[in-house]
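# Structural characterization, general
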Amino acid sequence: MTSPNLAAPHVAAAQNQKEVTINDATDALDLAMTASLNVDCTAGGSILVTAPQARRNVRLALTGTPAADVILVLPAVPRLLLIRNTTSRQVSVKNATGATAALAPGSESVFYSSGSGVTVAGLSTAADAQVYDFGMLTFPTPGASETLGKIIISRAVILPANLEGAVGHVDVNPADPFAIDLTRNGFSAGNITISTAGTFTFTTPGGSSVVLAAGDVVRFVAPSVADTTIAGIAVTLAGSLA
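Report on the accompanying structure. Keep in mind the model is a prediction, meaning the values are calculated, not measured.

### What to know about the overall build of the protein chain
For the protein chain, the count of helices and strands is two helices and 20 strands. In terms of overall size, the protein chain is more extended than a compact globule, its C-alpha atoms giving a radius of gyration of 23 Å where 242 residues would be expected to give roughly 18 Å. Expressed along its principal axes, the backbone C-alpha trace of the protein chain runs to roughly 85 × 30 × 30 Å. Looking at the protein chain residue by residue over its 242 residues, the buried ones come to 39%. In the protein chain, once contacts between residues fewer than 6 apart in sequence are set aside, the share between residues at least 24 apart is 60%. Taken as a whole, the protein chain presents about 11900 Å² of accessible surface, with 56% of it coming from carbon and sulfur.

Printed below as a string of structure tokens:
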């Protein structure tokens, strides 16, 4: 028998050499409370943390030089973990179910992984986070692939999944659905679609949150096919400091 979460061994009734099992259990608790593990993220994509790694380490240091953003997948083990991102890429921390949390490049946070997903410890509601909102405004009818707005991010910012909380307004509706590409350093980080009725729909890749690092260049880019009708576009994104 073992403990339910850390899988530390139990002493069986009338067993011999109880001290061996007790020592093993003590070692397991010691490692779970103090040990640190370097996790190489050079391969990029989804990086899996095994159950033994999560149980026997309290801190994960993400290392390496991934060419793209990273998804750190935690096992189905209820666990409080300190995770440090030493890479230059944003990391989405998730498990098999529920919510996903974000970790900016160069930052370190405490995460709790449970059956409800992964959350950042200490942030119980969106109101607890420090607000960092930004947006764009353009009045003329834009041309094809025109940059509608450009922002230089001054500090690490988290945009929620599907840009939740974002708002938009258009003075003259488009003749066809108008899809604005939200890019980060030239790569798509989200989409803002304006319907012919003037309704705004916001999405992010995979429905995940987006982490923007200090120095990132964010652009709002018009679709490659021009719409000669639309005019007066305003968008505000609701972010928080990472």
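### Notes on unusual backbone geometry
The phi dihedral of Gln17 falls on the positive side, at around 50°, and the residue is not glycine. Structurally, Gln17 can be placed in the segment before helix H1 (18-34). For Gln17, a relative accessible area of 56% corresponds to the exposed category. In this model, Leu163 sits at a positive phi of 50°, which is unusual for a non-glycine residue. Position of Leu163 relative to the elements: it lies in the loop between strand E12 (157-159) and strand E13 (167-172). Look at Leu163 and you get buried, because its relative accessible area is 2%.

### Observations concerning H1
Look at H1: 24 Å from first C-alpha to last across 17 residues, which is about the 24 Å you get at 1.5 Å a residue. Every buried residue belonging to H1 is among Thr21, Ala25, Ala28 and Ala32, and all of these are buried. The buried residues of H1 occupy one face: seen down the axis, they fall within an arc of 60°. Turned more than 90 degrees off the buried face of H1, the exposed positions are Met33 and Thr34. Buried residues along H1 sit in contact with helix H2 (51-55) and strand E5 (79-85).

### So, the sheet that holds strand E14 (residues 178-184)
The strand order across the open sheet formed by five strands is E11-E18-E14-E15-E16, and the pairing between neighbours is antiparallel. Looking at strand neighbours, the two that pair on one side only are strand E11 (147-152) and strand E16 (200-203), the edges of this open sheet. On average, each strand axis in the sheet is tilted by 15° relative to the strand beside it, whichever way the strands run. Across four bridges, the pairing between E14 and strand E18 (residues 217-221) is antiparallel. Bridge pairing links Leu182 to Phe220 in E18.

### Comments concerning the environment of Ser107
Tracing the backbone through its elements, the reader meets Ser107 in the loop between strand E7 (101-103) and strand E8 (108-114). Expressed as a C-alpha distance, the spacing of Ser107 and Ala242, which sit 135 residues apart in the sequence, is 8.1 Å. Excluding its chain neighbours within four sequence positions, the residues that come into contact with Ser107 are Ile83, Arg84 and Asn85. For Ser107, the side chain forms a polar contact with the main-chain oxygen of Ala104, separated by 2.6 Å.

### Re the nonpolar core
Grouped together as the largest cluster of nonpolar side chains are 27 residues, with contacts concentrated most on Phe134, Ile192, Phe220, Ile233, Val235 and Leu237. Only strand E10 (134-138), E12, E14, strand E15 (187-194), E16, strand E17 (210-212), E18 and strand E19 (231-237) provide two or more residues apiece to this core. Setting aside anything within four residues of it in sequence, one finds Leu237 in contact with Tyr132, Asp133, Phe134, Gly135, Leu159, Leu163, Ala166, Leu182, Ile192, Phe202 and Phe220. Core analysis: the second largest hydrophobic core is formed by 19 residues, Cys41, Ala101, Leu103 and Val118 among them.

Cut-offs and rules
- Residues numbered from 1 in each chain as written.
- Predicted model: local features only at pLDDT ≥ 70, side-chain atom pairs only at ≥ 80, totals over all residues.
- Heavy atoms only, no water.
- Helix = DSSP H or I, 4+ residues; strand = E, 2+ residues; numbered from the N terminus.
- Rg over C-alpha atoms; globule rule 2.2 N^0.38 Å.
- Buried < 20%, exposed > 50% of the residue type's maximum accessible area, 1.4 Å probe, protein only.
- Contact = heavy atoms within 4.5 Å.
- Areas by Shrake-Rupley, 256 points an atom, 1.4 Å probe, with all protein chains shown as cover.
- Expected span 1.5 Å × (residues − 1).
- Arc of directions from axis to C-beta.
- Pairing = 2+ DSSP bridges.
- Axes fitted to C-alpha atoms, helices over the stretch in contact; angles between N-to-C directions.
- Polar contact = N/O pair within 3.5 Å; in protein donor to acceptor, adjacent residues only side chain to side chain.
- Core = buried A, V, L, I, M, F, W, Y, C linked by side-chain atoms within 4.5 Å.

Worth remembering: the numbers are spatial, not functional.
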